Amino acid sequence: DPSVFHKRYLKKMRDLGEGHFGKVTLYLYDPANDGTGELVAVKALKQDNGHVPEGWIKEIEILKSLYHSNIVKYKGCCTELGQVVQLIMEYLPLGSLQKYLPTHKLGMSRCLMFAQQICQGMEYLHSKRYIHRDLAARNVLVENESLVKIGDFGLTKYIPEGEIYYRVREDGDSPVFWYAIECLKESKFSFSSDIWSFGVTLYEILTRCDHRQSPPVKFFEMMDGAQGQMTVMVLIKQLEKQQRLPRPKDCPHEMKMLMEQCWAADPAQRPSFRYLIEKFEAIRQTYD
Ligand SMILES: Nc1n[nH]c2ccc(-c3ccc(NS(=O)(=O)c4cccc(Cl)c4)cc3)cc12
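Conventions used here
Every chain is numbered on its own, with residues counted from 1 as its sequence reads. Local features in a predicted model are, by the rule used here, given only for residues with pLDDT of at least 70; side-chain atom pairs are given and counted only at 80 or more, and totals for whole chains, interfaces and linings are based on all residues. Values reported for side chains reflect all heavy atoms of the structure, with hydrogen atoms and water molecules removed beforehand. Throughout this document, a residue counts as near a molecule or strand when at least one of its heavy atoms sits within 4 Å of that molecule or strand. Definition of a polar contact: a pair of N or O atoms within 3.5 Å, with one able to donate and the other able to accept a hydrogen when the atoms are protein atoms, and with sequence-neighbouring residues admitted only if both atoms are side-chain atoms. Only the protein chains shown count as cover for residues, and the accessible areas themselves come from Shrake-Rupley with a 1.4 Å probe. Per the convention used, a helix needs a DSSP run of H or I reaching at least four residues, while a strand needs a run of E reaching at least two, with both numbered from the N terminus. Gly is put with the polar residues, along with every residue not named as nonpolar or charged; the nonpolar set is Ala, Val, Leu, Ile, Met, Phe, Trp, Tyr, Cys and Pro, and the charged set is Asp, Glu, Lys and Arg. A contact between two residues is defined here by any heavy atoms of the two lying within 4.5 Å. Burial classification: accessible surface area is computed with a 1.4 Å probe over protein chains only, and a residue below 20% of its type maximum counts as buried, one above 50% as exposed, and the rest as partly exposed. Directions from the helix axis toward the C-beta atoms define the arc.

Close to the ligand lie 19 residues; Glu18, Gly22, Glu90, Leu92 and Asn139 are nearest. Taking Glu90, its main chain carries an N or O atom lying 2.8 Å from a nitrogen atom of the ligand. When the ligand is considered free in solution it has 580 Å² of accessible area, and contact with the protein chains removes 92% of it. Listing elements by their share of the shell around the ligand, those giving two or more residues are strand S2 (10-18), strand S3 (22-29), strand S4 (38-45) and strand S6 (83-90). Of the residues belonging to the shell around the ligand, the class tally is seven nonpolar, six polar and six charged.

Moving on to the side chain of Asp152. As for its position among the elements, Asp152 is in the loop between strand S9 (147-150) and strand S10 (157-158). A polar atom in the side chain of Asp152 sits 2.9 Å from the backbone nitrogen of Gly154. Sequence-distant contacts of Asp152, that is, excluding residues within four places in its chain, are made with Lys43, Glu59, His132 and Asn139.

Every buried residue of helix H7 (residues 232-240) is listed here: Leu235, Ile236, Gln238 and Leu239. Taken end-on, H7 shows its buried residues confined to a sector of 160 degrees, consistent with a single buried face. In the core, the buried residues of H7 are packed alongside helix H4 (181-186), helix H5 (191-206) and helix H6 (215-222). Directly beyond the C-terminal end of H7, a positive phi value near 65 degrees is found at Gln242.

Looking now at unusual backbone geometry. Despite not being glycine, Asn33 shows a phi value in the positive range, around 55 degrees. A positive phi angle, close to 65 degrees, is found at Gln242, a residue other than glycine. With respect to the helices and strands, Gln242 occurs in the loop between H7 and helix H8 (253-262).

Put into structure tokens, the structure is as follows:
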């Protein structure tokens, strides 16, 4: 069974990323032990205090069930004492958008193509009634200069038929600067709150993930009394005063409009990924 990976053949190469509960590491899977194995990305939980949270099993089942060109491929699992402890994914050598954009000069056309591909992956996810809850440039991976894939589903939840919201009690370091206002105020997550996060991800793409223009940096700058302490309450106040991330340098007016639609205070006013895909398709024609 090619989806079974034996821990003893995994040779650690380097870290790829770290989240609140887990970390992603590059390994060479080398059963022949002659260096001819294949490179794989391995996600593992940080705390391995013996028991495996059911949320972790759920995350693996979700990725295993997703088949889309803009979603990172599931390769298998590594078990230990019969328990699944590591998730094995395909390795994308160009890494995340957050690392790729600042070092590669992408024109507007390429940025819009990447944005459209993220929408395509997200539309597929929503079509299966999953909400992502952690869409950000750091979680989008670059396969090559013409293909990106959503690379992490650690906060993804299933929304039962007939439901609109998924409510969670907040966990550790939530990505608050990517959260819709109703998520910050009432922990209400929905397909529409993913659209808000996509708007922030589009902002990151249009700023080429320039750290000086990152969402946390810009929200701090917008905070009254510059030296104050940024809390969720301060961020909520800013958003309630209709303050939003600024228009990135050289950002076309149409893109600013699109981001602001994604950041509508009323979730029902935000577009769908289907609508966004059509918008990007049309706008890209004017760039080719
Ligand atoms: N280069 C790659 N090839 N395959 C991958 C699979 C996942 C990842 C990956 C995916 C996401 C991140 N973002 S992250 O913010 O570091 C992160 C967020 C949540 C949970 C974790 Cl463990 C890590 C970092 C790395 C990278 C690659």
